Structure formats: C-alpha cells, structure tokens
Amino acid sequence: MLLLRTILARLATTAVTLFGVAVIVFVVIRVVPGNPIAMMLPPNATAADIDRLRALYGFDKSIPQQFLIWGWGVLHGDFGTSISLRQPVLGLVLGRLPATLELSVMALVMAVLLGGVAALTGTRKRGTRVEAGIDVANGVAMSVPDFLWGLLLIILFGVLVPVFQISGRVTPDLKLPFTTQFYLVESVLRLRFDLTADLLSHMFMPALALALPLAAIIGQLLKQSLKETMHLDYVTLTRTKGYGENHVILREALPNAILPTLTLIGVQFTFLIGGTVIVERLFSYEGLGNMAIDAVINRDLPLIQGIVIVFALLFTAVNLVVDMTYAALNPRLRHA
Amino acid sequence: MPRSIPGCVMLDGRAAIRRRLGLRLWLSGGWLALVLLAALLAPWISPQDPLAQDLMSGRLPPFWVPQTEPGFWLGTDSLGRDVLSRIIWGARVALIVAFVAGTLTATIGSALGLIAGYFRGWADRLISRLVDIWMAFPPVLFAILLIAVLGPGLMSIIIAIVVIDWTRFARVIRAEAMNQGAMDYVASAQVAGMPRGRIMLAEILPNVLPTIVALLSLEMGISVIVEAILSFVNLSISTDQPTWGGMIAEGRISVHQAWWVLVFPLIALFLTVLSFSQFGEGLKDRFDPVLR
Amino acid sequence: MSGYLRIRNLSVALRDSGARLLRSVSLEVAAGEVRGLVGESGAGKSMIGKAVLGILPRSVEVVEGEIWLGDVDLLRLPPAERRKRVGANAALIPQDPLTALNPSRRIGGQVTDRLVDILGWKRAKAEARALELLAEVHIPDPARVMRSYPHELSGGMRQRILIASAFAAEPRLIIADEPTTALDVTVQKQILRLIAAMQARHGTTLLFVTHDLGVVSKVCQSLSVLYAGLMVEDTTVADFFRAPAHPYSAALLAATPKYTDPWASLMPVSEAVIDAVRAEVDAAETEWRDAR
C-alpha cells in the first residue's frame with residue numbers, strides 16, 4: 001500500500017519533469033539560427049515552396065501552438081517527421097535506441113563487475129598495499145571522464161595493441177540475419193556466436209570507457225560500506241562459527257553493504273547513459289547519441305525533440321526501477 | 001614460539017594518509033602551475049607559430065625519432081603545424097574556460113543551492129524541480145544543443161557550461177545548507193534577531209565554503225573537458241585557434257598515420273583534468289578537521 | 001584431569017605500540033564448569049574470549065602464550081583448521097542481541113548455517129535440530145520464527161535465538177560475553193536463568209564474561225578477576241564471596257550492592273588498593289620486558 005502510493009507519487013513527479021524537459025527543449029531549439037527548411041530545397045525554390053514546406057512541418061504557427069500540436073502527437077505516439085532523414089522520428093529513434101541500450105547495459109555490467117571486484121579485493125586486503133593501490137586506481141578512474149578514457153583506449157587497444165575494433169557497431173560487410181535492432185541479444189539467441197564476437201569487439205572499448213568512472217565510484221563506495229559492515233557484531237559472530245574471510249565478506253557483509261551502492265548506481269547509471277552521446281560519437285557507434293549530434297548539426301528540430309524526450313524517459317525509468325529494486329531487496333522496507 | 005594471529009599489518013592510518021594527501025596536492029598543484037605558466041607565457045615560450053602551416057613538413061614525428069626536422073619537438077600535424085606550440089597556446093583557451101566558466105558555475109549554482117537549502121519553502125520547491133528537470137537531460141547533448149543555438153565561440157562555451165552544470169553545485173550546496181541550517185548556531189543567530197539573509201551569508205556560507213572550493217576545482221577540470229568535447233564535435237571556437245579538443249579531433253582522424261597528433265594533447269588534457277580533481281580533493285581534505 | 005579450556009601465559013598487545021592488553025594470563029576451565037571472568041571495563045576480560053574464538057580486532061595480536069581447546073593448542077593450528085576447530089567445539093553468546101543477527105537473513109539460516117556448512121549436516125536434520133532448540137529456549141511458534149527476519153522480533157527473543165544457536169552444535173565450550181548487559185532488567189533475569197538451565201542440561205563448559213559480581217554469584221562455580229590485563233585472583237565462588245584473597249577483589253566485592261541488603265553503603269575502590277594493584281601490574285610488566 002505504502003509502496004503503491006510511493007510509486008504513484010513518483011509517476012506524478014516524473015510526468016512534471018518530462019513536461020519541463022519538453023518545454024525547455026522546444027523553446028531552446030526554436031531559437032536555433034539557420035533555416036532547416038531552406039537547406040532542404042534547391043537554391044532556385046520560390047518563396048511559396050518555402051512557405052508550403054514550413055506549413056508542412058508546422059513552423060508557421062506560434063511556439064505555444066506548435067507545442068500543443070507536437071504534445072498531442074506525442075501522446076498519440078506521433079513524434080513528427082525528421083527533416084534531414086525524412087522518416088517518422090519515432091521509427092528512427094526506436095531503430096537506434098536498442099544499440100544505445102545494449103551499450104549502456106554492457107557498460108553497467110562491466111562497471112559493476114570491475115567495481116565489485118575492486119571493492120571485494122580491497123576489503124579482503126584491507127590495510128595493505130593492495131588496498132592502497134586500489135584506492136589510487138579508483139581515484140584516477142573517477143576523476144577522468146568517459147570521453148578521455150575512450151581516447152586513451154583508442155590509442156591503447158586500437159593503435160598500440162590493435163585487438164579491438166575502434167569504430168562502428170558491427171563490421172560493415174557482414175550479413176546480418178537480425179529482425180530486431182538488439183543485435184547482441186539476438187546474436188546470442190540465434191547462437192551466431194561469430195556475430196556476438198564481432199559485436200563485442202566493437203562494443204568493448206566504448207563500453208569500457210563508459211564503465212571506468214562508474215566502476216571507480218562503485219568500488220570506492222562499496223568498499224567503504226563493506227569495511228564498515230565487517231566490524232558489526234553479526235559478522236564477528238559468523239567468524240566464530242568457523243567461516244573464513246571470503247564467506248564472511250560475500251555472504252554476511254555484502255548483502256547488507258550493497259544497498260547504499262545500489263541507490264548510487266541509479267543516479268550514476270543515468271550519467272552513464274548521458275555519456276553515450278559523446279562516446280558513441282568517438283567510436284562512430286550507430287546509437288541514439290550519435291544520431292542526436294547529427295540531428296543538432298543538421299538542425300533537425302523534430303528529431304532533436306524526439307531524442308531528448310526518449311533520453312529523459314530513459315533516465316526517469318532507470319530511477320524508478322532502482323527505487324523499486326531497493327525496496328524489494330531491503331527486508332525492512334518489504335515488511336513495513 | 002609466539003605466533004601472531006594471521007592477518008594484515010595495519011599501517012598507521014592518519015600519518016600515511018596525510019603524507020599521501022600532501023604529495024597529491026603538490027603533484028597536481030605543480031602541473032596546474034606549469035599549465036598556467038605556459039598559458040601566460042605562450043607568445044614567448046612556444047617554439048613555433050601555432051598557426052603557421054607548412055605542407056612540406058606535415059606529420060613530422062617527435063624529436064626522438066631519427067630523420068625528423070629539429071625545432072618541432074613533439075612533431076607536426078597534417079598541415080605542418082607544430083604540436084608543442086599548439087598545446088601551449090591551447091592551454092590559454094583551456095584555462096580561460098576553466099576559470100571563467102568554473103567560477104560562474106560555482107557562483108550561480110551555489111547561490112541557488114544556498115537559497116533552496118536555507119530558505120526552503122517555494123524557492124526550494126522551484127529550484128529542486130528545476131534540478132530534477134535538468135537531471136533528465138543528457139548534459140553533453142544539452143551543451144551541443146546550446147552551442148548550436150548560441151553559435152560557436154568562447155562566450156557560448158562558457159554560457160553552455162554554466163547552463164548545464166549549475167545543478168552540480170545547487171544539489172550539493174542545498175544539502176549542506178540544509179544540514180547547517182538545522183544546527184544550534186544558526187538557531188541562536190535567529191533568536192538574536194539577525195536577518196535571514198545575513199545569517200545565510202555570514203553564518204552558513206563560510207561553513208559550506210570548503211565544499212564549494214573542492215567542487216569548483218572539480219568543475220574547472222570538467223569545463224576543460226566540455227570545451228574539448230565541443231571542439232571534438234566541431235562546435236567550439238573558430239577552427240584556426242588552437243584548442244586541445246580541436247587537436248584531439250584532428251588526431252583522432254589520423255591516429256593510424258601520426259599518433260603523436262592525438263597522444264600529446266591528450267596527455268596534456270588528461271593530466272590537467274586529473275590535477276584539477278585531485279587538487280580539489282586535496283584541498284577538501286586539508287579543510288577536513290578529522291585529518292588535520 | 002586438566003580442564004577443557006587451558007590458557008597459558010597469554011599476552012595480547014597492540015600491533016603498532018606493542019602495549020600489552022593481556023599480561024601473561026593463565027586460566028583453566030574444567031569440563032562442565034561455569035567460570036566467571038570479572039573485571040572493570042577495559043580490564044581485558046572480553047579480550048580473552050576473543051583470543052580463544054579467533055576474533056581479535058586487527059589492531060591487536062597475540063604475542064605469546066598457548067590456548068588449549070581439548071588436546072590442541074589453537075595458536076599452533078593453521079588459520080583454516082583453527083577456524084573449523086573453534087566452530088565445531090566452541091560458540092559465542094554475544095552481548096547485544098540487536099546487532100548480533102544479520103538483518104538481511106532469515107533466523108532459520110542463521111541458526112542452522114554452522115551445522116550445514118561447517119559440520120556437514122543434512123539441511124533437514126539441521127532444521128529439525130534448530131526447531132528443537134528454539135522450543136528448548138521457550139520460543140513460541142518456532143517454525144514461524146525460523147522464517148522471520150531479526151527486525152520482526154524483540155530483543156529478548158533475539159537473545160534466546162542466539163542462545164539456541166550457540167548450543168545448536170553441542171559445543172564443548174561456550175563463551176558468554178556480557179549476555180545480559182544490553183537487555184531490559186526484567187528480561188535479564190529470565191535470560192540468565194535460561195543460560196544456566198541450558199548449561200546444566202547440556203553439560204557445557206561455560207566461560208561467563210561479566211562485570212557484575214551478582215551475576216557471578218548466581219551462575220558460576222569459580223571466577224577469575226582481571227585488572228588492567230593482569231589476572232589478580234583465580235578462585236571458587238564460595239571462597240571468593242567468603243574471603244577474597246586479593247585486596248583488589250575485596251574492594252571490588254565491597255563496591256558491589258548486596259542482594260541481601262541493597263541499602264548498605266557502597267565502598268568505592270580506595271586509591272590505596274588501586275595503587276597497590278597498579279604496582280603489581282608494573283612489576284609484571286618489568287619482569288616480562290626483562291625476560292625478553
């Protein structure tokens with residue numbers, strides 16, 4: 001009951017936030033100089049041609065009117081038509097979203113694994129040089145953003161030891177049997193592991209670049225709460241039962257130490273998704289972020305609006321999922 | 001024979017931490033001073049004209065490679081421009097953006113955070129709602145969008161950074177101001193009849209200042225990165241002014257032919273960003289009464 | 001016939017300063033005996049229990065001595081073997097039942113885990129045993145309690161569960177570390193009676209760490225008195241309450257409220273006694289230093 005009320009309240013704030021995002025992006029991009037319509041037409045187009053096209057995209061109306069028309073469309077699943085690509089925005093966005101989702105989730109998995117291993121190792125070896133080394137590595141990984149990690153990885157694994165692909169999502173001349181855009185998932189389901197390997201080879205560096213700062217944050221926070229938990233009485237009691245350090249850390253301390261880290265991952269995962277915009281650009285990965293930058297450069301107003309709204313939806317959805325996971329994992333909340 | 005319980009040797013915590021912190025502060029501060037000096041003295045210390053093109057001496061490797069031309073220490077790019085000179089001149093743009101954008105972001109964000117955290121009420125509701133909306137934007141996309149609207153240029157970059165990043169300060173300072181506002185010394189100032197605005201500036205601000213300073217240093221590093229990212233997507237300053245981001249964008253394209261065009265500005269950017277954040281952390285720990 | 005737990009010349013010291021917290025303590029608890037371990041807070045009485053169970057804090061190490069559990073010296077065992085040996089033959093009843101149960105695990109698992117994982121019992125057998133023991137410590141509806149989380153139960157209930165858990169594997173030795181200190185006065189008596197009854201029924205050797213001489217007079221047969229890590233008296237309860245041998249013990253006894261006459265004026269431990277026992281500690285310390 002309490003949980004339901006919390007969820008409903010959260011949905012209401014989410015709606016307000018999305019509305020705010022829509023208003024801001026709508027107003028900001030309508031100040032964009034440069035006439036996208038003029039770019040679509042041959043130089044000898046008449047003023048009448050321009051007016052007709054403006055009317056087609058609705059740019060002849062006032063901004064509030066345009067917003068209402070657009071908002072009404074969005075509520076009915078119509079995000080308008082891209083000016084530069086001349087296709088429905090929704091289809092374009094949905095076509096690219098899976099690529100970005102696969103990249104983000106892969107990065108999240110890498111961050112959790114790396115950060116988790118760092119935290120567990122640091123706890124196991126607390127007070128030693130190993131822990132001090134992990135602290136320094138965490139400090140560096142945390143202070144340097146994904147964009148720079150991407151460039152460093154390009155030099156390291158793309159040029160010095162060229163073991164991974166540095167551009168694109170998949171090798172272009174491969175024949176793809178896929179029916180959805182979730183290439184990685186589908187390649188596994190179809191047991192086409194050759195394609196899985198190719199996709200992973202392309203995904204590895206952008207995902208790692210996105211993962212490193214988050215891995216460091218997870219590593220540091222989780223290690224800190226693990227170390228605090230290790231002093232608690234129930235952990236000590238478990239030791240007297242005959243259990244070793246590994247069991248004590250993994251089964252007694254970890255489940256209780258993980259909750260604060262989990263909340264943090266929620267916010268940080270939205271930052272990570274935000275980072276895909278530039279990292280996809282850096283690795284020419286054909287995702288939503290890369291398309292967004294093209295849309296801005298081409299002044300493709302409907303496409304920009306659509307992409308920003310999808311990102312905002314994604315962010316708020318992530319936060320909602322994290323809150324619910326938190327409630328589900330915490331027995332004290334579950335039985336409240 | 002006495003046996004000790006197996007386990008690890010404890011370091012003497014505080015002394016070791018303090019030593020490590022001191023080193024961190026000195027290293028990062030040293031690098032930042034070096035960059036500042038390079039930026040100030042650029043016209044006198046850069047060995048070449050950063051804009052001089054010479055297609056005959058394009059993509060010269062750095063000095064340690066035999067059969068390279070002397071005078072181009074870190075090599076040249078595809079247009080024959082000296083990489084070292086461009087890095088030195090690029091430090092100017094990087095530091096101007098860092099200081100101006102960082103300070104403006106800190107001032108505006110902290111002011112909003114203080115107001116929201118101390119006055120609460122409708123101001124807090126409004127500012128918090130704005131922060132929520134901002135958090136739902138991918139920041140890089142937002143910045144690119146703003147530059148597209150404002151047009152390229154140093155001013156636009158600074159404005160874009162302030163607009164996308166004020167929330168970082170607002171969020172943290174709001175929480176800190178709320179904590180401070182609940183403390184006894186604030187209550188006693190209120191009882192003494194001090195005006196609320198005075199309390200905020202004279203009582204609360206000094207107590208959140210260490211946090212602001214640490215965040216400011218971090219923000220300066222982030223500003224340098226944002227400038228580089230915008231240069232990278234070709235939306236920064238005019239192309240003939242050397243910037244680290246612009247050099248990296250060029251270097252990324254020709255990385256297989258001339259790695260040094262990418263690597264050296266990247267190292268400069270990496271160390272600068274790392275130093276800004278470590279310097280901030282070091283300062284914060286200096287202010288931390290537990291470790292002092 | 002020597003005791004089940006025999007501690008010889010045990011010294012425990014801080015790792016960084018080398019200061020001793022236990023000063024060559026020797027102690028013997030016969031099989032089936034209940035021995036009280038008494039002293040002021042900081043005297044090192046809990047430290048003895050921790051050293052036996054292998055849960056000394058990391059800042060502390062054993063510098064000399066032997067801890068015999070049955071026919072093995074625990075300090076000479078490799079860590080893994082030692083843990084198993086302690087887990088199979090000894091158990092702890094902790095001080096604070098509110099913090100001694102893992103909040104995210106069900107009670108059942110926390111009572112049976114040692115039986116299944118360390119002693120290799122079948123799960124069904126371990127669960128049957130747990131149910132039996134929970135009933136033995138007077139927990140209503142044990143099957144439901146097994147499925148509960150700690151936060152759903154009261155402090156007294158949790159301490160009963162911890163007692164059941166300690167007796168579950170029929171250990172030869174149980175160390176009770178101030179098991180009633182954190183409880184309400186009304187519950188204290190019940191828990192004390194329960195521990196005594198369980199000990200009598202199972203014939204367990206019990207080391208009862210407490211600062212409360214009243215508790216000792218009720219449950220123990222013998223007791224050891226510690227001051228600043230030095231064992232000052234080691235005697236039977238009957239002898240101790242009739243005529244304590246050491247002046248510090250006598251002072252301690254005089255400072256304890258009598259159940260027969262709670263309004264009798266209490267004597268604080270006099271400075272002369274403290275000085276005397278301090279001198280003894282110093283002498284022991286000098287002797288130990290010279291011997292090394």
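Quick note: structure is the one above.
Small disclaimer: the values here were computed from a predicted structure and weren't measured.

(A) Main features of the interface of chain A and chain C. Counting from both sides, the interface comprises 17 residues of chain A and, opposite them, 26 residues of chain C. Counting residues per element, the ones that place at least two in the side of chain A that touches chain C are helix H10 (233-240), helix H11 (245-282) and helix H14 (331-334) of chain A. A per-element tally of the side of chain A that touches chain C places H10 of chain A first, with six residues. Residues that form the side of chain A that touches chain C fall into these classes: five nonpolar, seven polar and five charged.

(B) Broad picture of the sheet that holds strand E2 (residues 20-29) of chain C. Residue and element names in this part refer to chain C. Strand order in the open sheet made by the four strands is E2-E1-E4-E5, with antiparallel pairing throughout. Each having just a single partner strand, E2 and strand E5 (72-73) make up the two edges of the open sheet. As judged from the eight bridges shared by strand E1 (residues 5-14) and strand E4 (residues 60-69), these two strands associate in the antiparallel manner. Along E4, the bridge assignment pairs Ser11 with Glu64.

(C) Local environment of unusual backbone geometry. All names here are of chain C. Here the phi dihedral of Asp141 falls at roughly 55 degrees; this positive angle occurs in a residue that is not glycine. Within the secondary structure, Asp141 sits in the loop between helix H4 (123-136) and helix H5 (142-146). Look at Asp141 and you get exposed, because 10 C-beta atoms sit within 10 Å. Of note in this structure, Glu170 is not a glycine but carries a positive phi near 50 degrees. Among the structural elements, Glu170 can be located in the loop between helix H6 (155-167) and strand E7 (173-177). The class of Glu170 is partly exposed, set by 14 C-beta atoms lying within 10 Å.

(D) Quick peek at the sheet that holds strand E6 (residues 90-93) of chain C. Residue and element names in this part refer to chain C. The strand order across the open sheet built from six strands is E6-E7-E8-E3-E9-E10, with neighbouring strands paired in mixed fashion. Every other strand in the sheet has two partners, leaving E6 and strand E10 (230-236) as the edge strands with one partner each. Strand-to-strand twist in this sheet, taken as the mean axis angle between neighbours without regard to direction, amounts to 15 degrees. Alignment of strand E9 (residues 222-227) against E10, held across six bridges, turns out to be antiparallel.

(E) H6 of chain C, seen in detail. All names here are of chain C. Spanning 13 residues, H6 covers 19 Å between terminal C-alpha atoms, matching the ideal 18 Å at 1.5 Å per step. Across the 13 residues of H6, eleven count as buried, placing the element largely inside the fold. Taken together, the buried positions of H6 are Met157, Arg158, Gln159, Arg160, Ile161, Leu162, Ile163, Ala164, Ser165, Ala166 and Phe167. Residues of H6 that are buried make contact with E6, helix H3 (107-118), H4, E7 and helix H7 (185-202).

(F) Representation of the pairing of E2 of chain C. All names here are of chain C. Judged by how many residues are buried, E2 sits mostly within the fold: seven of ten residues are covered. With six bridges joining them, E1 and E2 adopt antiparallel strand pairing. Looking at E2, one finds that Arg6 is bridged to Glu28. Counted between consecutive antiparallel strands, the loop separating E1 from E2 contains five residues, among which Gly18 sits at a positive phi close to 80 degrees.

(G) Region of interest: the interface of chain B and chain A. In this complex, chain B contributes 34 residues to the contact, which on the side of chain A involves 39 residues. Taken together, the elements giving at least two residues each to the side of chain B that touches chain A come down to helix H4 (121-135), helix H5 (139-150), helix H8 (196-232) and helix H10 (259-287) of chain B. Here the side of chain B that touches chain A gets ten residues from one element, more than from any other, and that element is H10 of chain B. Taken together, the residues that form the side of chain B that touches chain A break down as 28 nonpolar, four polar and two charged.

Reading the values: the criteria
- Residues numbered from 1 in each chain as written.
- Chains lettered and ligands numbered in written order.
- Predicted model: local features only at pLDDT ≥ 70, side-chain atom pairs only at ≥ 80, totals over all residues.
- Contact = placed C-beta atoms within 7 Å.
- Helix = DSSP H or I, 4+ residues; strand = E, 2+ residues; numbered from the N terminus.
- Nonpolar A, V, L, I, M, F, W, Y, C, P; charged D, E, K, R; others polar.
- Pairing = 2+ DSSP bridges.
- Buried ≥ 20, exposed ≤ 12 C-beta atoms within 10 Å, placed from the backbone.
- Axes fitted to C-alpha atoms, helices over the stretch in contact; angles between N-to-C directions.
- Expected span 1.5 Å × (residues − 1).

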